[in-house]
Amino acid sequence: MKILCAVKRVVDYNVKIRVKTDRTGVETANVKFSMNPFDEIAVEEAVRLKEAGVATEIVVVTVGPATAQDTLRTALAMGADRAILVQTDTETQPLGVAKALKAIVAQEAPGLVILGKQAIDDDCNQTGQMLAALLGWGQGTFASRIAAADGGLTVTREVDGGMETLALPLPAIVTADLRLNEPRYATLPNIMKAKKKPLATVTPDALGVDLTPRLTTLSVSEPPGRSGGVKLPDVATLVAKLKNEAKVIP
Ligand code: AMP
């Protein structure tokens, strides 16, 4: 079985985000970018399925600018076999990405597509679901465990108050949650080997996909700063304040 993994290049999760002075977005100049953390988990799971003999080939794909090749190389160094860059300088949004992924699925015919549950820059949590809908495939979202079973998959997902286990026939879409696995670090020899692995570039036009954004960002602002705290003399004063000022207890 071939696995397709979607990976996105995002501002690194350790970077302290700064909003642009004109409030049109966040500052991206001179900022470290890396693979979306949930996508690292998706790639790791694909590599583990290959190591377990369930998968035979892992193809990673990203929709983004030429610089997103770095992210693909990281995935190749983790163990993916081939990479595809759908190159665009347009801002990517879930519907456009899902359409591009659908076109890649038509070319590659994977048995399973694994995505991250959400990109940490736009926090949309939509692309996997949209792709499943466009393809008419079943989906196991927020997966915390995946196992091959009876020619299909069982996917365990965290739901309110417990765990839910689903059986999915293949082909299917899975989105990776935080507890699915702990991604490996790419070793230096594997980083060197990844430089020689195939990386193909295609344009959205060649795929017949229109990536024009459907949404316009009106403004981006920082969360309000925290106001200073106060020290209270005793519990009775605290309870009185919670009751009369904050009105959070009756
Ligand atoms: P989102 O719906 O934007 O929160 O993203 C959910 C998942 O979709 C991410 O974790 C990625 O696996 C995938 N994805 C989103 N944007 C892209 C992109 N530009 N290129 C490749 N995969 C993407």
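Residues numbered from 1 in each chain as written. Predicted model: local features only at pLDDT ≥ 70, side-chain atom pairs only at ≥ 80, totals over all residues. Heavy atoms only, no water.

### Side note on the overall build of the protein
Argument step 1. Helices and strands together make up the secondary structure of the protein, namely seven helices and 11 strands.
Argument step 2. If you line up the protein on its principal axes, its C-alpha atoms span 65 × 45 × 40 Å.
Argument step 3. A separation of at least 24 residues holds for 70% of the contacts in the protein among residues at least 6 apart in sequence.
Argument step 4. With an accessible surface of roughly 13,900 Å², the protein has 53% of that area assigned to carbon and sulfur atoms.
Argument step 5. Here the protein contributes 29 positively and 28 negatively charged side chains, and the mean placements of these two sets differ by 3 Å. (Helix = DSSP H or I, 4+ residues; strand = E, 2+ residues; numbered from the N terminus. Contact = heavy atoms within 4.5 Å. Areas by Shrake-Rupley, 256 points an atom, 1.4 Å probe, with all protein chains shown as cover. Lys, Arg positive; Asp, Glu negative; His and termini not counted. Charge placed at Lys NZ, Arg CZ, Asp CG, Glu CD.)

### Side note on the UniProt feature "domain: Electron transfer flavoprotein alpha/beta-subunit N-terminal" (unreviewed entry) in the protein
Argument step 1. When the UniProt feature table is mapped onto this chain numbering, "domain: Electron transfer flavoprotein alpha/beta-subunit N-terminal" (unreviewed entry) sits at residues 23-211.
Argument step 2. Here residues 23-211 is 32% helix and 31% strand, with 23 Å between the C-alpha atoms at its ends. (UniProt positions renumbered as here; feature names shortened; annotations may be inferred.)

### Comments concerning the site of the ligand
Argument step 1. Around the ligand, a shell composed of 19 residues is seen, among which Asp39, Val63, Ala119, Asn125 and Thr127 lie nearest.
Argument step 2. At 2.5 Å, a side-chain N or O of Asp39 approaches an oxygen atom of the ligand.
Argument step 3. Within the backbone of Ala119, one N or O atom sits 2.8 Å away from an oxygen atom of the ligand.
Argument step 4. Protein coverage of the free-state accessible area of the ligand, which is 480 Å², stands at 99%.
Argument step 5. Sort the elements by how many residues they give to the shell around the ligand and strand 4 (residues 57-64) lands first, with three residues.
Argument step 6. Classifying every residue of the shell around the ligand gives eight nonpolar, eight polar and three charged. (Near = heavy atom within 4 Å. Polar contact = N/O pair within 3.5 Å; in protein donor to acceptor, adjacent residues only side chain to side chain. Nonpolar A, V, L, I, M, F, W, Y, C, P; charged D, E, K, R; others polar.)

### Digging into helix 1 (residues 37-51)
Argument step 1. Taking 1.5 Å as the rise per residue, helix 1 with 15 residues should run 21 Å; its terminal C-alpha atoms sit 21 Å apart, in good agreement.
Argument step 2. Among the residues making up helix 1, those that are buried are Phe38, Asp39, Ile41, Ala42, Val43, Glu44, Glu45, Ala46, Val47 and Leu49. (Expected span 1.5 Å × (residues − 1). Buried < 20%, exposed > 50% of the residue type's maximum accessible area, 1.4 Å probe, protein only.)

### Concerning the sheet that holds strand 9 (residues 162-168)
Argument step 1. Spatial ordering of the open sheet is given by 9-8-7-10-6-1-4-5-11, a layout of nine strands whose pairing is mixed. Taken across any chain shown, the strands that pair with only one partner, and hence form the sheet edges, are strand 9 and strand 11 (199-202). Averaged over all pairs of adjacent strands, the angle between strand axes in this sheet comes to 30 degrees, irrespective of strand direction.
Argument step 2. Summarising the sheet, strand 5 (residues 82-87) and strand 11 pair through four bridges and their orientation is parallel. Looking at strand 11, one finds that Leu85 is bridged to Thr201.
Argument step 3. Together, strand 1 (2-6), strand 4, strand 6 (112-116), strand 7 (138-149) and strand 10 (172-176) form the strand contacts of helix 1, whose direction differs from that of strand 6 by roughly 150 degrees.
Argument step 4. Sheet strands touched by helix 2 (residues 69-78): strand 4, strand 5 and strand 11. Its angle to strand 5, the strand with the most contacts, is close to 165 degrees. (Pairing = 2+ DSSP bridges. Axes fitted to C-alpha atoms, helices over the stretch in contact; angles between N-to-C directions.)

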